[in-house]
Amino acid sequence: MQNPFTWAGFGQWAFAASAFAFLLLVGWRWDRRRRAHERSGLAEIVAFTLTALWALVVAGIGTDTPLGQLFESFRSLGWLGLAFALFTRDGRDASVAPIRPMMAALLFVELLQPLLFMMTLRDGTNAAALGMIFHISVLFRLLVATGALVLVHNLYAGAMAQQRAALRWTCAAMAMIWGYDLNLYTIAYLARAMPPELAALRGLALIAASALLVIGAVRGRSALRFSPSRAVAFQSLSLLVIGAYMLVMVGAAQSLALLGGNSSQLAELGFVFVSSVLIVAIMPSSRVRGWLKVMLAKHFFQHRYDYRAEWLRFTRTIGRAGAQTPPLHERVVQALADITDSSAGLLLVPAESGELVLASRWQWPTADVPAEALAPDHVAFFEKHNFIVDLDEVRAGIDFQGERAVVPEWLCEEHPAWALVPLLHFDRLVGLVVLGRPPVARKLDWEDFDLLRVVGMQLASYLAENAGQSALLEASRFDEFNRRMAFVMHDIKNLASQLSLLSRNAEKHAENPAFRADMLITLRNSADKLNALLARLSRYGGSSGERVEDVDAGEVIRAVAERYNAPGSLRVHLVHQGACRVLANREALEQVLLHLVQNAIDASPEGMAVFLQCHVDGINGCIEVVDTGCGMSADFMRNRLFKPFVSTKPGGFGIGAFEAREMVRAMRGKLEVESREGLGSRFAVRLPLAAAQSLIESIKGDGEPSGGGTRGKKVA
């Protein structure tokens, strides 16, 4: 029986293994250089990379081919460059005179190899010419190997004692490579042919050289210890998978070649087709990469997370700046989602009445979040326990600390929702992040909980600081606004006093009774209007509220509609105007509705109507303004809609929406808004019913806050 072993096949396996070893060294050296911020080390990376490429070429097409000889020249140039770089680290390239000329001579000799490569291509059919070219090429290889060994000896022998420990193993590896080359090419020069056995064993010499480099890294200083990061470990695992795939390919090709005939060709074509389809379909998949990361972290590392890398990424995400930077609320969600590889997330923040509302989305536009995302009485659970909720466990009926009772139904029905992470600042909930399910779902463990809890506390401090800065900025703007209003009030007060004095003088001195009566009516009306304006402006500097009375909401919305509906043009539609009498200040209520209707008209396309209606809702009367305009985002409603001095209109003062809300509050009501981008908005003014005045007064007398009765939907 014929022996299947061949030196050529053994050489292919040896060179493939050595290529894999040097690729691992490239990854380790690059990671060490990056993490230590070293400027040196580039020469090692280049030498290792060129050696790995040469070994791959030899494993694929052989060492005696022109392309293999060309890549061997690249490898030799890389190691010569490394030797020269080691000389320059202690300055001996300048202090020892023969080094530079000798290095230049070796480079010149090695650069002659590409010329021989070109001559081989030109005289490929002339056997005598090819023999001569081979003889010259081997002679040049001998010269380079001999000179390189001399350089390595001088590099180690001439170094100071404390530097030899760092150079010992690198010099040993270079001596291994060029020492083997010296013996190989000496025999090839004498025999005028490349010995196949020694050429095959050359791969083992490369593996031995890589082992020496690894030993030097492990036994060197602490800074040289082999401690790859997770990224390098993942890349190394990928290289291992690729290497295993190459071995399978080679083994399969050898097995198919034994079949022979047409069946062998058909089997090879089928094997290549199936393998290509599997690679194209599986390897680019993010799910496969995610599974590899999870498996690597689970079986190769003591801890799931690389805390240094996570902290750096977290800091970059939160501290990002620039015109295209997302808002802080969106960056908060992203910073937390990146830790668990979650694909999306939501941020819920407390509203004024204590419930949680949507503040921002990150890559989750389809989540159907209600206006009240979490009830106020459920917020206390997260503040007390700081509990991270695994929603898959809640769906499965598992209940550790009573979280099933506080998780809203819409979150359980939202299958992509994966976990709830509270953001606590001094035991106060400033936000709740809903993490989306990662591509590779897994069960949260203690390490996830610890890291998410700490990061959540840090994010809560950022949100609290941002809210404090916004409040200070708003207070400073209000201070400036109040100073300006003081001057306006002073001027109007003087004018009102002058008009009052004029009316009194006219009453005393006018001789014509008719003129006197007409003048009195005119002047008194002017004085009343100015005093009313003065009282309105006083609200910005004092604490007095609106005087409320029994008002028919139906009459108010009809009056507002008539102001916008000109003959032949119907812009405001009255949908429902049943009996609805509320406690309000008619003038203030009308001003609020005029502002809301005008904003709805401005936000709606030309020709689209705005709808007005009023109805009874419990002990409240509700007046709604609905439009089908462009709508508003959750971030705009949360951070800009009711912020004073922020306007989206050119030349706008930015106080209209804020003033409308404050007017409604002064009448013991509340202004609510719901909106969806591209669909439109709905503003609802809720005021106490006149019939419920006695009940409201009794509640107020008991010391409870009066704020509008039953709770409706709040700002989304």
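Shown above is the structure to which this text applies.
Attention in this report is confined to the structure presented alongside it.

What counts and what doesn't
Residues numbered from 1 in each chain as written. Predicted model: local features only at pLDDT ≥ 70, side-chain atom pairs only at ≥ 80, totals over all residues. Heavy atoms only, no water. Core = buried A, V, L, I, M, F, W, Y, C linked by side-chain atoms within 4.5 Å. Buried < 20%, exposed > 50% of the residue type's maximum accessible area, 1.4 Å probe, protein only. Helix = DSSP H or I, 4+ residues; strand = E, 2+ residues; numbered from the N terminus. Contact = heavy atoms within 4.5 Å. Axes fitted to C-alpha atoms, helices over the stretch in contact; angles between N-to-C directions. Parallel < 35°, antiparallel > 145°, perpendicular 65-115°, else oblique. Left-handed = near helix turned anticlockwise from the far one by under 90°. Patch = residues over 30% accessible without salt bridge, like charges linked within 9 Å, V, L, I, M, F, W, Y side chains within 5 Å. Areas by Shrake-Rupley, 256 points an atom, 1.4 Å probe, with all protein chains shown as cover. Salt bridge = Lys/Arg side-chain N within 4 Å of Asp/Glu carboxyl O. Nonpolar A, V, L, I, M, F, W, Y, C, P; charged D, E, K, R; others polar.

**Things to note about the nonpolar core**
- Grouped together as the largest cluster of nonpolar side chains are 44 residues, with contacts concentrated most on Phe22, Trp79, Met174 and Trp178.
- Those elements giving two or more residues to this core turn out to be helix 1 (7-36), helix 2 (42-61), helix 3 (66-89), helix 5 (99-111), helix 7 (127-157), helix 8 (161-191) and helix 9 (196-219).
- Examining the composition of this core, we find that 10 residues originate from one element, helix 2, more than from any other.
- Setting aside residues no more than four positions away along its own chain, Trp79 makes contact with Phe22, Ala47, Phe48, Thr51, Met174, Ile177, Trp178 and Leu213.

**A closer look at the packing of helix 5 against helix 7**
- Contact geometry for helix 5 and helix 7: axes closest at 9 Å, N-to-C directions at 155 degrees. Judged on the interaxial angle alone, helix 7 and helix 5 are roughly antiparallel. Of the two elements, helix 5 crosses helix 7, and the hand of that crossing is left-handed. Here Met102, Met103, Leu106, Val109 and Glu110 of helix 5 come into contact with helix 7, specifically with Phe140, Arg141, Leu143, Val144, Gly147, Ala148, Val150 and Leu151.

**What to know about a nonpolar patch on the surface**
- Residues Trp30, Leu42 and Val46 make up a contiguous nonpolar surface patch of about 290 Å² in total accessible area.
- Mapped onto the elements of the fold, Leu42 is located in helix 2.
- We classify Leu42 as partly exposed; its relative accessible area is 45%.

**Examining the pattern of salt bridges**
- Under the counting rule described, the total for this entry stands at 22 salt bridges.
- For the salt bridge of Arg75 with Asp181, the shortest nitrogen-to-oxygen distance reads 2.8 Å. Highlighted residues: Arg75 in helix 3 and Asp181 in helix 8, separated in sequence by 106 residues. The burial state of Arg75 is the same as that of Asp181; both residues are buried.
- A network of salt bridges, in which partner residues are shared, links Glu72, Arg75, Asp181 and Arg202.

**Remarks on the packing of helix 3 against helix 7**
- In the contact formed by helix 3 and helix 7, the axes pass within 11 Å of each other and the chain directions differ by 20 degrees. In terms of orientation, helix 3 lies roughly parallel with respect to helix 7. For the crossing formed where helix 3 meets helix 7, the hand is left-handed. Contacts between helix 3 and helix 7 involve Gln69, Glu72, Ser73, Ser76, Leu80, Leu86 and Phe87 from the former and Ser137, Arg141, Ala148, Leu151, Asn154 and Leu155 from the latter.
- The residue makeup of the contact of helix 3 with helix 7, split by class, is 6 nonpolar, 5 polar and 2 charged.

**Here's the deal with unusual backbone geometry**
- In this model, Asn386 sits at a positive phi of 50 degrees, which is unusual for a non-glycine residue.
- Relative to the assigned elements, Asn386 resides in the loop between helix 15 (376-385) and strand 3 (389-390).
- Judged by its relative accessible area of 15%, Asn386 falls in the buried class.
- Despite not being glycine, Arg668 has its phi angle at roughly 65 degrees, a positive value.
- Summarising the element assignment, Arg668 is placed in the loop between helix 23 (656-666) and strand 11 (670-676).
- You can call Arg668 buried: its relative accessible area is 17%.

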